[in-house]
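# Notes for the structure review
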Amino acid sequence: GQNIDQPTEMTATEGAIVQINCTYQTSGFNGLFWYQQHAGEAPTFLSYNVLDGLEEKGRFSSFLSRSKGYSYLLLKELQMKDSASYLCAVSLASGGSYIPTFGRGTSLIVHP
Amino acid sequence: SQTIHQWPATLVQPVGSPLSLECTVEGTSNPNLYWYRQAAGRGLQLLFYSVGIGQISSEVPQNLSASRPQDRQFILSSKKLLLSDSGFYLCAWSVRVGTDTYEQYFGPGTRLTVT
C-alpha cells in the first residue's frame, strides 16, 4: 500500500523560516507535489519534484530525496497569508498514467 | 491559458436524491482529469480519473460514478446520495510540462452537504 506522512500542525512566527516534512513509502513513484490550500478553497499548485535536490521558487523551495523517501517544503520570510494547509502528494505510475496520491496535509499557523 | 470550471459551488441535497456535478476545462486538449473528495478535516481522496473520452478509472468503490462524454468535460454522478457523501468535491486536470514532470490544477470545488 501507499503511506504518506506529514505533521498535522505547525506554528511559526511572521518573518521566520519553516520546514514542512513529508515522508512516503510507495511503489511506482514518479515525483512529488506540494500544494497550498487556504481554508474553504481549492488547493493551489506549488511545486513538482522529480529529481533529487532543491528547487527554489521565490520564498518557497522544495526538496526531494528519492532514496530516502523524503521531501520538505521550505517557506522563508513567513507572512500571515502563508497560514494554510500544505499538502504533499506523490505521483504514482498507474496504467501508463501518473496519479497524485495525497497525504493528510499540514496546517501551518503563522502568528505575529 | 488554461482554466477549469466547476458547478455548482455549493449544494444541499437530501439523502437518497441523485447528484450531478460538472467540470469543464478550457485551453488544453486531451487533459488527464480527476475527481477528488475532501471530507471535513481529512485529506484529499481520489475518486476517479480519466486519461481520455470514455476512459474512467475508479479508485474507490462506492455509490458514485463518473463519465467523460467530451474531451474537456468530466461529470460526477450518484443515483442515491448517502450522508457520508458530504464533502468538498474537487475536479482537477494535469499536464506534462517536461520529461516526467507534471503540474496539476484544481477547480474551485463544490461543497456538498447531504441532509
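Our structure's up above, just so we're on the same page.
Described in the following lines is the structure provided in the data block. (Residues numbered from 1 in each chain as written. Chains lettered and ligands numbered in written order. Predicted model: local features only at pLDDT ≥ 70, side-chain atom pairs only at ≥ 80, totals over all residues. Heavy atoms only, no water.)

With respect to the secondary-structure elements, Ser65(A) resides in strand 7 (residues 60–65). When neighbours within four sequence positions are excluded, Ser65(A) is seen to be in contact with Tyr24(A), Asp52(A) and Tyr70(A). (Helix = DSSP H or I, 4+ residues; strand = E, 2+ residues; numbered from the N terminus. Contact = heavy atoms within 4.5 Å.)

What follows covers the interface of chain A and chain B. On the side of chain B, 23 residues touch chain A, which itself brings 20 residues to the contact. Put simply, chain A and chain B have three residue pairs in polar contact (both at pLDDT 80 or more) between them. For the side of chain A that touches chain B, the secondary-structure elements that each account for two or more residues are strand 4 (29–37), strand 5 (44–49), strand 9 (84–94) and strand 10 (97–102) of chain A. Among the elements that take part in the side of chain A that touches chain B, strand 10 of chain A stands out by supplying five residues, more than any other. For the side of chain A that touches chain B, the residue count by class is twelve nonpolar, six polar and two charged. (Polar contact = N/O pair within 3.5 Å; in protein donor to acceptor, adjacent residues only side chain to side chain. Nonpolar A, V, L, I, M, F, W, Y, C, P; charged D, E, K, R; others polar.)

With that settled, consider the pattern of salt bridges. One pass over the full model with this rule turns up four salt bridges over all chains. Across the pair Lys76(A) and Glu56(A) runs a salt bridge whose closest N-O atoms are separated by 3.6 Å. Within this pair, whereas Lys76(A) is found in the loop between strand 8 (70–75) and strand 9, its partner Glu56(A) is found in strand 6 (residues 53–57), the two being separated by 20 residues in sequence. The exposure class assigned to Glu56(A) is exposed, which follows from its relative accessible area of 54%. Asp85(B) is paired through a salt bridge with Arg37(B); the nearest N and O atoms lie 3.4 Å apart. Of this pair, Asp85(B) sits in the loop between strand 8 (73–78) and strand 9 (87–98) while Arg37(B) sits in strand 4 (residues 32–38), placing them 48 residues apart in sequence. Using a relative accessible area of 10% as the deciding quantity, one classes Arg37(B) as buried. (Salt bridge = Lys/Arg side-chain N within 4 Å of Asp/Glu carboxyl O. Buried < 20%, exposed > 50% of the residue type's maximum accessible area, 1.4 Å probe, protein only.)

This part covers the sheet that holds strand 8 of chain B. Residues and elements named next belong to chain B. Taking strand neighbours across the sheet as the criterion, the four strands line up as 1-3-8-7 in an open arrangement whose pairing is antiparallel. Of all the strands in the sheet, just strand 1 (3–7) and strand 7 (64–70) have a single pairing partner and so form its edges. Adjacent strand axes in the sheet meet at a mean angle of 20° when their direction is disregarded. Relative to strand 8, strand 3 (residues 19–26) is paired through six bridges, and the arrangement is antiparallel. By the bridge assignment for strand 8, threonine 24 is matched with glutamine 73. (Pairing = 2+ DSSP bridges. Axes fitted to C-alpha atoms, helices over the stretch in contact; angles between N-to-C directions.)

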